[in-house]
Amino acid sequence: MKNKVVLITGGSRGIGATTAKLASKKGWAVCINYKNSHSQAEQLVNEIKASDGIAIAVQADVSIEKDVLRLFGTIDNKLGKLDALVNNAGIIAKQAKLVDIDIERLQRVFNTNIIGSFLCAREAVKRMSTKHDGTGGCIVNISSSAARIGSPNEFIDYAASKGAIDTMTLGLAKEVAEEGIRVNAIRPGLIATEMHQDTGDMDRPLKMKNAIPMKRAGSADEVANAIVWAMSEEASYVTGALIDVAGGR
Ligand code: NDP
């Protein structure tokens, strides 16, 4: 039996890397996309192969269309038919009020988090849709509880980019439901990963634990479990869902 194929964007570290390892354990062939972290991505590929899994790493900036086309073309050639996309690549920025946010930052955050996810979703639909000779599949968009909260005084731009991901999930799920494709979003809360370094406060998940009903940050494993479940047959009737993995926050 052929392994099902999943593309995980931003798979070199954090939630993406943990998802890649879990998906491989569940029998998926994995394409790990990254932008800069070449050695981390290659190390992950070697780790998966050492456990008899199938993995490749492909550098591509998801906000650049020609990179995305090359990324999907490489998967077509090296792994075959795509069955799932995890739209995980995302960036945050330093804590700031809206009045202090410049155009360069807005473009960087929106281009990566929104345009990148849209471009990858488009290429995935072309390959999975039964209207385009595909056999179906699923898309899991990684949103954030920030989409609900709005992240005042920290990063309204990041929160708004995740709001766009929620809306895309709702619309695309309906658009492709009859074409064999399920589309869902996972909305993590505060998760202990290196991403918080880019906010200027690596200890943010620890410091904010009292704002979380469960009084602790989540782990990448806890998010990966939800992502891989959403990809699985166990979620066969789940589409257009925004699933919070946020300790009640
Ligand atoms: P990390 O910062 O640890 O990892 C981000 C990953 O995205 C890296 O692999 C990075 O690759 C990749 N990446 C960044 N920009 C691009 C790009 N333009 N093209 C391709 N890859 C890119 O983040 P997390 O694991 O914490 O976050 C993963 C997702 O979960 C993000 O979408 C984030 O917004 C979301 N999330 C995270 C939360 C948290 O508390 N950690 C909470 C809610 C949502 P490279 O290293 O090569 O640049």
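Residues numbered from 1 in each chain as written. Predicted model: local features only at pLDDT ≥ 70, side-chain atom pairs only at ≥ 80, totals over all residues. Heavy atoms only, no water.

**Here's the deal with the packing of aromatic side chains**
Across all of its chains, the model carries one aromatic pair by this definition. Seen from their ring centres, Phe 155 and Tyr 158 are 5.8 Å apart, and the 80° between their planes marks the pair as edge-to-face. Neither Phe 155 nor Tyr 158 differs from the other in exposure class; each is buried. (Phe/Tyr/Trp six-rings, centres within 6.5 Å; stacked < 30°, edge-to-face > 60°. Buried < 20%, exposed > 50% of the residue type's maximum accessible area, 1.4 Å probe, protein only.)

**Regarding the site of the ligand**
Near the ligand lie 31 residues; those nearest to it are Ser 12, Asn 36, Ser 37, Tyr 158 and Thr 193. Between an oxygen atom of the ligand and a main-chain N or O atom of Lys 35, the distance comes to 2.9 Å. Note that an oxygen atom of the ligand is positioned 2.9 Å from one of the side-chain N or O atoms of His 196. The fraction of the free accessible surface of the ligand (900 Å²) that becomes covered by protein chains is 97%. Grouping the amino acids of the shell around the ligand by side-chain chemistry returns twelve nonpolar, 15 polar and four charged. (Near = heavy atom within 4 Å. Polar contact = N/O pair within 3.5 Å; in protein donor to acceptor, adjacent residues only side chain to side chain. Areas by Shrake-Rupley, 256 points an atom, 1.4 Å probe, with all protein chains shown as cover. Nonpolar A, V, L, I, M, F, W, Y, C, P; charged D, E, K, R; others polar.)

**With respect to the nonpolar core**
Within the largest apolar cluster, 32 residues are counted, with the highest numbers of intra-cluster contacts made by Val 6, Val 30, Ile 32, Ile 186, Ile 227 and Met 231. Residue assignment for this core shows that the elements contributing at least two residues are β1 (5–8), α1 (14–25), β2 (29–34), α2 (38–50), β4 (84–87), β5 (137–142) and α8 (220–231). Broken down by element, this core gets its largest block of residues, eight residues, from α8. Contact partners of Ile 186, with chain neighbours within four places excluded, come to Val 140, Asn 141, Ile 142, Ser 143, Ser 144, Val 223, Ala 226, Ile 227, Ala 230, Ile 243 and Val 245. Ile 56, Val 62, Val 125 and Ile 181 belong to the second-largest nonpolar core, a separate cluster that totals 29 residues. (Core = buried A, V, L, I, M, F, W, Y, C linked by side-chain atoms within 4.5 Å. Helix = DSSP H or I, 4+ residues; strand = E, 2+ residues; numbered from the N terminus. Contact = heavy atoms within 4.5 Å.)

**Here we look at the side chain of Asp 83**
Here Asp 83 shows up in the loop between α3 (65–78) and β4. For Asp 83, a relative accessible area of 10% translates into the label buried. Here Val 5 takes part through its backbone nitrogen, which lies 2.8 Å from a polar atom of the side chain of Asp 83. Polar side-chain contacts of Asp 83 include one of 2.6 Å to the side chain of Lys 81. Look past the residues within four positions of Asp 83 in its chain and what remains in contact with it is Lys 2, Lys 4, Val 5, Trp 28, Met 128, Gly 137 and Cys 138.

**Focus: the state of the cysteines**
All told, the structure shown has zero disulfides when counted by the stated rule. Unpaired in this structure, Cys 31 has its nearest cysteine sulfur neighbour in Cys 120, at a distance of 10 Å. Taking relative accessible area as the criterion, Cys 31 reaches 0% and is therefore assigned buried. Given a relative accessible area of 0%, Cys 120 falls into the buried group. (Disulfide = S-S within 2.5 Å.)

**Regarding α1**
For α1, built from twelve residues, the straight-helix expectation of 16 Å at 1.5 Å per residue is met to within 8% by its first-to-last C-alpha distance of 17 Å. A large share of α1 lies buried, amounting to nine of its twelve residues. Of the residues making up α1, those classed as buried are Ile 15, Gly 16, Ala 17, Thr 18, Thr 19, Ala 20, Leu 22, Ala 23 and Ser 24. In this structure, the buried residues of α1 make contact with β1, β2, α2, β6 (181–188) and α8. (Expected span 1.5 Å × (residues − 1).)

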